[in-house]
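Inside the fold
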Amino acid sequence: MSDDTKLKPVKVEIEGKQFEFPVVRGSENEKGFDISKLRDQTGYITIDNGYANTSSCQSAITFLDGEKGVLRYRGIPIEQLASQSNFLEVSYLLIYGHLPTRVELDAFTKGVTQHTLVREDLVKLYDGFPRDAHPMAVLSSIVCAMSTFYQDSLDPTNKDQVEISIHRLMAKIPTIAAYAYKTSIGQPRIYPRNDLDYCSNFLHMMFAVPTEPYHVPKEVVEALNLLLILHADHEQNCSTSTVRLIGSSAANLFASISGGICALWGPLHGGANQAVMEMLADIHRDGGDVNKYVRLAKDKTSSFKLMGFGHRVYKNFDPRAAIIKKACDKVLARMGVNNPLLEIAKRLEEAALKDQYFIDKKLYPNVDFYSGIIYSALNIPVNMFTVMFALGRLPGWIAHWKEMNEGGATKIGRPRQIYTGPQTTEYVPINQRGKLKVAA
Ligand code: ACO
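In this report, we go over the structure that sits alongside the text. (Residues numbered from 1 in each chain as written. Predicted model: local features only at pLDDT ≥ 70, side-chain atom pairs only at ≥ 80, totals over all residues. Heavy atoms only, no water.)

Side note on the overall build of the protein
What the protein contains, in helices and strands, is 19 helices and 7 strands. Computed over its C-alpha atoms, the radius of gyration of the protein comes to 24 Å, within 12% of the 22 Å expected for a compact globule of 440 residues. For the protein, the spread of C-alpha atoms along the three principal axes comes to 75 × 65 × 55 Å. Taken over 440 residues, the protein has a buried fraction of 48%. The long-range share in the protein, meaning contacts at least 24 apart out of those at least 6 apart in sequence, stands at 69%. Surface summary for the protein: the accessible area is close to 23,000 Å², and the carbon and sulfur share equals 52%. Within the protein, one finds 50 positive and 47 negative side-chain charges whose respective centroids are separated by 3 Å. (Helix = DSSP H or I, 4+ residues; strand = E, 2+ residues; numbered from the N terminus. Rg over C-alpha atoms; globule rule 2.2 N^0.38 Å. Buried < 20%, exposed > 50% of the residue type's maximum accessible area, 1.4 Å probe, protein only. Contact = heavy atoms within 4.5 Å. Areas by Shrake-Rupley, 256 points an atom, 1.4 Å probe, with all protein chains shown as cover. Lys, Arg positive; Asp, Glu negative; His and termini not counted. Charge placed at Lys NZ, Arg CZ, Asp CG, Glu CD.)

Some details on the sheet that holds strand β7 (residues 76-77)
With antiparallel pairing, the 3 strands of this open sheet are ordered in space as β5-β6-β7. Edge positions in the open sheet fall to β5 (62-65) and β7, since each of these has one partner strand only. Examined bridge by bridge, β5 and strand β6 (residues 70-73) share 4 bridges and lie antiparallel to one another. Within β6, the residue paired with F63 across the bridge is R72. (Pairing = 2+ DSSP bridges.)

A look at the pairing of β5
Judged by which residues are buried, β5 turns out to be covered on both faces: T62 and L64 on one side and F63 and D65 on the other are all buried. Connecting β5 to the antiparallel partner β6 that follows it, the hairpin turn spans 4 residues, and G69 within it adopts a positive phi of roughly 70°.

Some remarks on the site of the ligand
If you check the shell around the ligand, you find 20 residues, and the closest are K300, K305, L306, G308 and R312. Residue Y357 places a side-chain N or O atom 3.0 Å away from a nitrogen atom belonging to the ligand. In isolation the ligand exposes 910 Å². Once the protein is present, 74% of that is buried. (Near = heavy atom within 4 Å. Polar contact = N/O pair within 3.5 Å; in protein donor to acceptor, adjacent residues only side chain to side chain.)

Describing the nonpolar core
With 117 residues, the main nonpolar core has I257 and L280 as its most contacted residues. Discounting chain neighbours no more than four positions away, the residues touching L280 are L341, I344, A345, L348 and I373. (Core = buried A, V, L, I, M, F, W, Y, C linked by side-chain atoms within 4.5 Å.)

A word on unusual backbone geometry
Located in the positive-phi region is Y51, a residue other than glycine, with phi close to 50°. With respect to the helices and strands, the residue Y51 is situated in the loop between α1 (38-42) and β5. You will see that R74, though not glycine, has its phi angle at about 50°, which is positive. On the secondary structure map, R74 appears in the loop between β6 and β7.

Thoughts on the packing of aromatic side chains
If you walk through the whole model with that rule in mind, you get 15 aromatic pairs. With a centroid separation of 6.4 Å and an interplanar angle of 40°, the aromatic rings of F21 and F33 are classed as tilted. One end of the pair, F21, is in strand β2 (residues 17-21); the other, F33, is in strand β4 (residues 31-33), with 12 residues separating them in the sequence. With a relative accessible area of 43%, F33 lands in the partly exposed category. Through a chain of ring-to-ring contacts, three or more aromatic side chains come together here, namely F309, Y357, F358, F369 and Y370. (Phe/Tyr/Trp six-rings, centres within 6.5 Å; stacked < 30°, edge-to-face > 60°.)

Side note on the pairing of β6
Both β6 and β7 contribute to a ladder of 2 bridges, which runs antiparallel. Residue pairing in the sheet places R72 in a bridge with P77 of β7.

Section: the pattern of salt bridges
The final tally for this structure, using the stated rule, is 18 salt bridges. Across the pair R102 and D106 runs a salt bridge, and its minimum N-O distance is 3.4 Å. With a gap of 4 residues between them, R102 and D106 both fall in helix α4 (residues 102-114), about one helical turn apart. Through salt bridges that share partners, K218, E222 and R334 make up one connected network. (Salt bridge = Lys/Arg side-chain N within 4 Å of Asp/Glu carboxyl O.)

Dropping the structure here:
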């Protein structure tokens, strides 16, 4: 990290002695003080449950201001990208750091399009999983298995190898995801079509069958494009930090992304979009009384949480949720879908936003609250929602992994701990263990 010499160091007094720590200032004026010498100088370490106050790196990819509800990729507001760009262009922006020229975008698109096919030997792996396996488990396994098929491009320090791996991953992840779905429903897997754009090709592999022509509806492509852009990056979230942590050991890109997919799967992270739909369906089945569920979410004797509410960083509103909510009405109207769960979602949001508990704790709908409703309108099955999130987040993960590897000064990620176990204890031979207890 580079210190900002214009800022005074932070002074900390420990056991009567003063220590100074250099301050680092970001381009949006966020400030942190560098404690990397803290233990050496003082013998102390810091404790920060869930890393809520810890900057693990300096990054130039995404800026978000949780208080103001701001999100920018490489400086460009998410609202502008959502309304004017497309997913492959946003992917380029995140991974390479600037909006591509026409020539750069064409070359990137061509490179990604050329690699959509997956090896037939790799496809055999799908038959080894139980039919009802969760597609996130399949996605993560197959992505990790790519490192067995592309042993020629695993070196994170070799630019050419990294480049080909980026193209392969971006190109194949829609194929891998669609194959997981087709396998789960017992339908033939549909080969990718390189004459289609990124989103259309994915939808084609998801919904086409060999017996009939399949036309990809334009409005579905547009909605998917929007959702993927909104999910494309979110700075140091759980899955991105996982990708960085794995990558910090110089693990290859496929292995690192595979770990990120697992982290995303959890219901407190990307798995929330599936959990939201399940919750809305439960409320619907239970008669639609949203206030009952708001009460339950506040009840500290219950473990129930309003899924799709709350965020570690956004304490005002999630700008992605605002964009999705608008898109939701439009997509559903255009597709002629009348989903009763949308109406429940709106009533639930209204009830929660008026409730003092949610106001006090600054709990607002997050990106996952409405995304599931759009995915349902696009006929994406519920257990594929988190896979859709992974498809969107892939360029963000790649961008962070690449930034870290190119940063040079990266250390292996290795937090410390405060040990709370027993002090030195003598080894007891097995025949003497529990003797007293048995005798008693
Ligand atoms: N419903 C009810 N209460 C909640 C909710 C919720 N959805 N979210 C937070 N709270 C309460 C907590 O119980 C806690 O109460 P307390 O102060 O009385 O202990 C307080 O609000 C603060 O919440 P924390 O869980 O400490 O906040 P944290 O930043 O650790 O967690 C998280 C954020 C995980 C997103 C949390 O809000 C949550 O579990 N939400 C539901 C799951 C969800 O929607 N996840 C998707 C996140 S977005 C994403 O990953 C793309």
